[in-house]
Each structure stands twice: as C-alpha cells, then as structure tokens.
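Breakdown of the fold
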Amino acid sequence: MTSPQETSSILPTYVRAPVAFVRGEGAWLEASDGARFLDFGAGIAVAVLGHSHPHLVESLIEQGQKLWHVSNLYKIPTAERLAKRLTDATFADYVFFTNSGAEACEGAIKTARKYQFVSGHPERVEIITFDGAFHGRTIATIAAGGNDKYIEGFGAPVEGFHRKTPFGDIEAVKAAINERTAAIMVEPIQGEGGVRTAPASFFRALRDLCDQHGLLLVFDEVQSGVGRTGKFFAYEHLGITPDIMAVAKGIGGGFPLGAFLATKEAAKGMVAGTHGSTYGGNPLGTAIGNAVLDLVLAVGFLDKVAKTGLALKQRLAELKDKHPHVIEGIRGEGLLIGLKIADRIPCGELAAAVRDQHMLVIPAGENVIRMLPPLIIGDVEVNAAFARLDAACSAIEAKFPLGNGARA
Ligand SMILES: *Cc1c(COP(=O)(O)O)cnc(C)c1O
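Conventions used here
- Residues numbered from 1 in each chain as written.
- Predicted model: local features only at pLDDT ≥ 70, side-chain atom pairs only at ≥ 80, totals over all residues.
- Heavy atoms only, no water.
- Buried < 20%, exposed > 50% of the residue type's maximum accessible area, 1.4 Å probe, protein only.
- Helix = DSSP H or I, 4+ residues; strand = E, 2+ residues; numbered from the N terminus.
- Pairing = 2+ DSSP bridges.
- Near = heavy atom within 4 Å.
- Polar contact = N/O pair within 3.5 Å; in protein donor to acceptor, adjacent residues only side chain to side chain.
- Nonpolar A, V, L, I, M, F, W, Y, C, P; charged D, E, K, R; others polar.
- Domains from an automatic or database assignment.
- Contact = heavy atoms within 4.5 Å.
- Buried area = accessible area lost by both parts, 1.4 Å probe.
- Salt bridge = Lys/Arg side-chain N within 4 Å of Asp/Glu carboxyl O.

1. A word on the pairing of strand β7 (residues 181–186)
- Within β7, six of the six residues are buried, which leaves it mostly tucked inside the rest of the structure.
- Note: strand β5 (residues 126–130) against β7, three bridges, orientation parallel. The partner of I127 across the bridge, within β7, is A183.
- In the sheet, β7 pairs with strand β10 (residues 216–220) via four bridges, with the strands oriented parallel. Bridge pairing in β10 links I184 to L217.

The following block contains the structure:
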C-alpha cells in the first residue's frame, strides 16, 4: 500500500502529519473528514487573528477587486500607510517590505553591513549570532542560524557570521567582538530554538556593547513580533530598542508578508538601487497588513493578549503539577509558550498525542512543545486546550512509563 505522501509531487523536505485541513474559523480548523481541531500553532505564529477573520477576509476581497500588484517602480498607497503605521508604533524610521521572514533577515543583514561600509568600516562584515538561533532557510540565513544540520551539504557556508555564541552569555559575546564585527543579531525569544528566553539585563548589555563598539543591534522578531508576547514587539519588554528589526509571520495574518525596519541612521547606506524585491510591499499584501494592524493596535487588544497568556500559563502550571513526569517546565511570554518535556519522551511523540486529541501544537528545540495560538483566543480555548493536553499527557504516561525508559 502506498501512502499519499509516497505519491505526492511535492518535494519531500517536510515530514507531514497525516491530516489535511480544508476550512478554518477563529482558533479552530476543520479537517477533510470533518474533524475539528483546536489550533495552537496558528500556521507557526502566523494566523494572529485566527482563521477567516471577517475583517481580513473583507480587506482581501476589497483590495482583490481593485489591484493586486504593480511593482516598486511606482508609489503604493497601502504600503506607504502600513510603513507609516509601523514606524509610528516602533523605534524605526524606515520599512522595507518582503514576502517572508528569511528575506526580512537577509535585508536586515545587508542593511547592517552597508551601514558599516558607508561609515568608513568596509572591513566590518561579521554578524554575531547565537546557539539555538533560527533566521530562515536561505543560503545566508542558514549560515546565520544555530543549526548545523541546515547547513550540511549546501556548500561552503556564507562567510561573515560568528555563529553559535552562547545565548544569554554576555562574556561570550564580548569575546566574539573583533575589528571585523558589524552587528549582533538576536531573537528576543528564540522560537524554533525552544522558546528560549534570556534576562532583560542580557539584551541591555548587548545594547551597551553595540553602542561602545559602533555595532548595530539587529532583532529578529519574525516569530516574537506583532502582539505575540503581549506587546506589539517583544523588545518593548526589555527597555531597549534595536537599530534594525526583521518582521514577518503575524504581520500578514496568513498572507505572505514580511518587513525589515530600521532607524534613519542604521538605514543610511540603503539608498536607491541597493536593495529590491518584485513582490515586496504589493497592494494586496500590504492592504491585509493594514487590516491586521487595525485589530492588533486597537485599544485593549495587546492587554488582552497578555492577560490570556497569563491565564494559559496558570492552567499549564496546573497541568505540570498533574503530569510532573511529562512536563518539566513552562517558558515564554504572552502567547509564545513552551512546555519543556521530559527527555525520555520525544516532544514529537507528545505533539502526535495532542493531535490525537484534536489539538495542534508545534515541536521545537530542547525537547519543547511550542504553543502559538491565534491572539484572539479566550477562556473557551484555554480550557479546551487544558482538557486536550491533559488527555494527551495521560496517554503519553501510559506509552512512556517511568523507569522503563523510552519504548523502542
Ligand atoms: C520563521 C522564522 C524565520 C523565517 O521566516 P520564513 O518566513 O520561514 O522565511 C526567521 N526568523 C525567525 C525568528 C522565525 O521564527
């Protein structure tokens, strides 16, 4: 018997769960067989307003009937408006729109290097990055990331990255700085790495180091941004601002849209002709980005995300007390939450057990189960999540009994 996966014409770079979704509403997805799933993955932190949000659907249809694409050879009013709203609400003075997170990171890297170049330091090209970091899957962003498996077999890694600096270790960062250093690039909370956090003091020390040495601080907020942590961007928790920031995932609410943002000073090398994108900032994508901001920046929205995040964490603490040999810790901020799973249980096994309970969560590094629900969830979803996770943990306890080690 052949599985659908074996007959698929899609390049098999993903191991896919045997389920196909055909419809979504809010935090719920409907599978092709009619089963309803509670979606605590949101398409990997993308569907911040849930699925089929009426305001997004309306914006898609309205702009879709007017104009989709013209290219950046012309002024694009929807992009101008979105950029203005982003700069008004952040540290930044300029925005460049992309179609994905990796492109946003690439643009951030280019901007940092060009800044040093036009500042009379053409030798400063190296970007300090961290262990557990994830910045995308392009040739340059894999060289920036912390995962050797993503690099292997794709030729010599792109030069100019000081990789795998210990995350949270300021002395290691100091030791990594040399006369070729251009910037430090960091996720305020590592998503793929396992919802790893570092104290605010670490990020403030990074800011100080950058200021002392004439380096740029680049934040990758592709996963942590657009309300995910209960602030518009996660840097707002830290009492500092970056010079450059990569954004994607939530900003399009499901439409492929990304951006990098920069201060006027950090962007000073990015003059006409230095960067481009055919699709970037197209009328359709940026109309939807504006619709996302209509809701995320509405009064009270982010406060509710923070409140819901606390309520979820409280229920998860209860879950941990109930299943202490499955869940060893709870991490994260707002609605970017990780459950550290006991080492004898591969987190993919637990994710599958959760899926058996008709709920979606996402495995991450350090044997962590990641929860990134739509930001519009409330008590109903939090309680439904608790019940499903509770049942999944019980099933996993039966499958991985204590003392016997992991079953083959
Ligand atoms: C997802 C992600 C990226 C890459 O985004 P793509 O849209 O997949 O290219 C980069 N950085 C971080 C922190 C991410 O979570």
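Now that the structure has been shown, we can carry on.
2. Some thoughts on the site of the ligand
- Every residue near the ligand is listed here: S100, G101, A102, F134, H135, G136, E187, D220, V222, Q223 and K249.
- Within the side chain of K249, an N or O atom sits 2.6 Å from an oxygen atom of the ligand.
- Looking at the shell around the ligand residue by residue, the class counts come to three nonpolar, five polar and three charged.

3. A word on the domain arrangement of the protein
- Looking at the assigned domains, one finds that the protein contains domain 1 (4–52 + 300–399) and domain 2 (54–296).
- Placing the centre of domain 1 and that of domain 2 at their C-alpha centroids yields a distance of 26 Å.
- Contacts between the two partners involve 27 residues from domain 1, matched on the other side by 28 residues from domain 2.
- Taken over both partners, the interface formed by domain 1 and domain 2 buries close to 2,200 Å², and the fraction arising from carbon and sulfur atoms is 65%.
- The largest per-residue losses of area from domain 1 upon contact with domain 2 belong to L49, L302 and L336, which jointly make up 26% of the total buried on that side.
- For the interface between domain 1 and domain 2, the tally reads two salt bridges.
- Note that E366 is salt-bridged to R196, the shortest N-O span being 3.2 Å.
- Applying the counting criterion to the domain 1 and domain 2 interface returns eight residue pairs in polar contact (both at pLDDT 80 or more).
- Those elements that provide at least two residues to the side of domain 1 that touches domain 2 are α1 (42–45), α9 (301–322), β13 (327–333), β14 (336–341) and β17 (368–371).
- The element best represented in the side of domain 1 that touches domain 2 is α9, accounting for four residues.
- Of the residues belonging to the side of domain 1 that touches domain 2, the class tally is 18 nonpolar, five polar and four charged.

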